[in-house]
Amino acid sequence: EVQLVESGGGLVQPGGSLRLSCAASGFTFSSYAMSWVRQAPGKGLEWVSAINSGGGSTSYADSVKGRFTISRDNAKNTLYLQMNSLKPEDTAVYYCAKYGLGYPVTDEYDYWGQGTQVTVSS
């Protein structure tokens, strides 16, 4: 059974940092691209970042470029999102999602985690 379990969310002040983790199990993690997607209160899903299976290729939404860093540890079956210089508009539930291939294909996710809440507020 595929499982994706996010952790690391919380309340942080503007300008602060958080690191999200997504522990994966039930599939060969190193074979698949992964993504972070968020949903702000009252809004739709927003793609945040993606990484290919080997970790050598990453991409970011313009809204987080230069502030967020996606990475993965295939030995630990874990996906990360380092978030720096956080803004109130980054407040959202953050989900990790698995692609069905080793490289990202727009919106072609086959599994999602349960999400972790990130709140940026003073």
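Here the structure is shown first, and the text comes after it.
What counts, and at which threshold
- Residues numbered from 1 in each chain as written.
- Predicted model: local features only at pLDDT ≥ 70, side-chain atom pairs only at ≥ 80, totals over all residues.
- Heavy atoms only, no water.
- Helix = DSSP H or I, 4+ residues; strand = E, 2+ residues; numbered from the N terminus.
- Rg over C-alpha atoms; globule rule 2.2 N^0.38 Å.
- Buried < 20%, exposed > 50% of the residue type's maximum accessible area, 1.4 Å probe, protein only.
- Contact = heavy atoms within 4.5 Å.
- Areas by Shrake-Rupley, 256 points an atom, 1.4 Å probe, with all protein chains shown as cover.
- Pairing = 2+ DSSP bridges.
- Axes fitted to C-alpha atoms, helices over the stretch in contact; angles between N-to-C directions.
- Core = buried A, V, L, I, M, F, W, Y, C linked by side-chain atoms within 4.5 Å.
- Phe/Tyr/Trp six-rings, centres within 6.5 Å; stacked < 30°, edge-to-face > 60°.
- Lys NZ or Arg CZ within 6 Å of the ring centre and 35° of its normal.
- Disulfide = S-S within 2.5 Å.

1. Notes on the overall build of the protein chain
A count of helices and strands for the protein chain gives zero helices and 11 strands. Beginning at the N terminus, the succession of helices and strands in the protein chain can be written as β-β-β-β-β-β-β-β-β-β-β. Computed over its C-alpha atoms, the radius of gyration of the protein chain comes to 13 Å, within 12% of the 14 Å expected for a compact globule of 122 residues. Dimensions of the protein chain along its principal axes, counting C-alpha atoms only, are 40 × 25 × 25 Å. Out of the 122 residues belonging to the protein chain, those deemed buried represent 43%. Here the analysis covers contacts within the protein chain between residues at least 6 apart in sequence; of these, 57% occur between residues at least 24 apart. Accessible area for the protein chain stands at about 6,000 Å²; split by element, carbon and sulfur atoms hold 46% of it.

2. Topic: the sheet that holds strand 7 (residues 68-73)
Spatial ordering of the open sheet is given by 1-3-8-7, a layout of four strands whose pairing is antiparallel. Only two strands of the sheet have a single partner each, and these edge strands are strand 1 (3-7) and strand 7. Within the sheet, the average angular offset between the axes of one strand and its neighbour, ignoring direction, is 15°. With five bridges connecting them, strand 1 and strand 3 (residues 18-25) associate as antiparallel partners. Bridging from a neighbouring strand, Glu-6 pairs with Cys-22 of strand 3.

3. Describing the nonpolar core
Trp-36, Phe-68, Leu-79, Leu-81, Met-83 and Tyr-94 are the most contacted members of the largest nonpolar core, which has 27 residues in total. Secondary structure elements with two or more residues in this core: strand 3, strand 4 (34-39), strand 5 (45-51), strand 7, strand 8 (78-83), strand 9 (92-99) and strand 11 (116-120). Per element, the largest residue contribution to this core is four residues, and it comes from strand 3. The contact partners of Met-83, leaving out residues within four places of it in the chain, are Gly-16, Ser-17, Leu-18, Leu-20, Arg-67, Phe-68, Tyr-94 and Val-118. Grouped together as the second largest cluster of nonpolar side chains are six residues, Ala-33, Ala-50, Ala-97 and Tyr-99 included.

4. Looking at the packing of aromatic side chains
The relative placement of two aromatic rings is captured by the distance of their centres and the angle of their planes. For the coordinates displayed, the defined rule picks out five aromatic pairs. On the numbers, 6.1 Å between centres and 80° between planes, the contact of Tyr-95 with Trp-112 is edge-to-face. Of this pair, Tyr-95 sits in strand 9 while Trp-112 sits in strand 10 (residues 109-112), placing them 17 residues apart in sequence. Under the relative-accessibility criterion, Tyr-95 is labelled buried at 18%. Taken together through their ring pairs, the aromatic side chains of Tyr-95, Tyr-99, Tyr-109 and Trp-112 make up a single cluster. When the ring centre of Tyr-32 is taken as origin, the NZ or CZ atom of Lys-98, which lies over that ring, is 3.8 Å away.

5. Some details on the state of the cysteines
Taken as a whole and judged by the stated rule, the model has one disulfide. Sulfur-sulfur distance for the disulfide between Cys-22 and Cys-96 comes to 2.0 Å. Its S-S torsion of about 45° marks the bond between Cys-22 and Cys-96 as right-handed, since a negative value means left-handed. You can see Cys-22 sitting in strand 3 and its partner Cys-96 sitting in strand 9, a full 74 residues away along the chain. Residue Cys-22 shares its accessibility class with Cys-96, and that shared class is buried.

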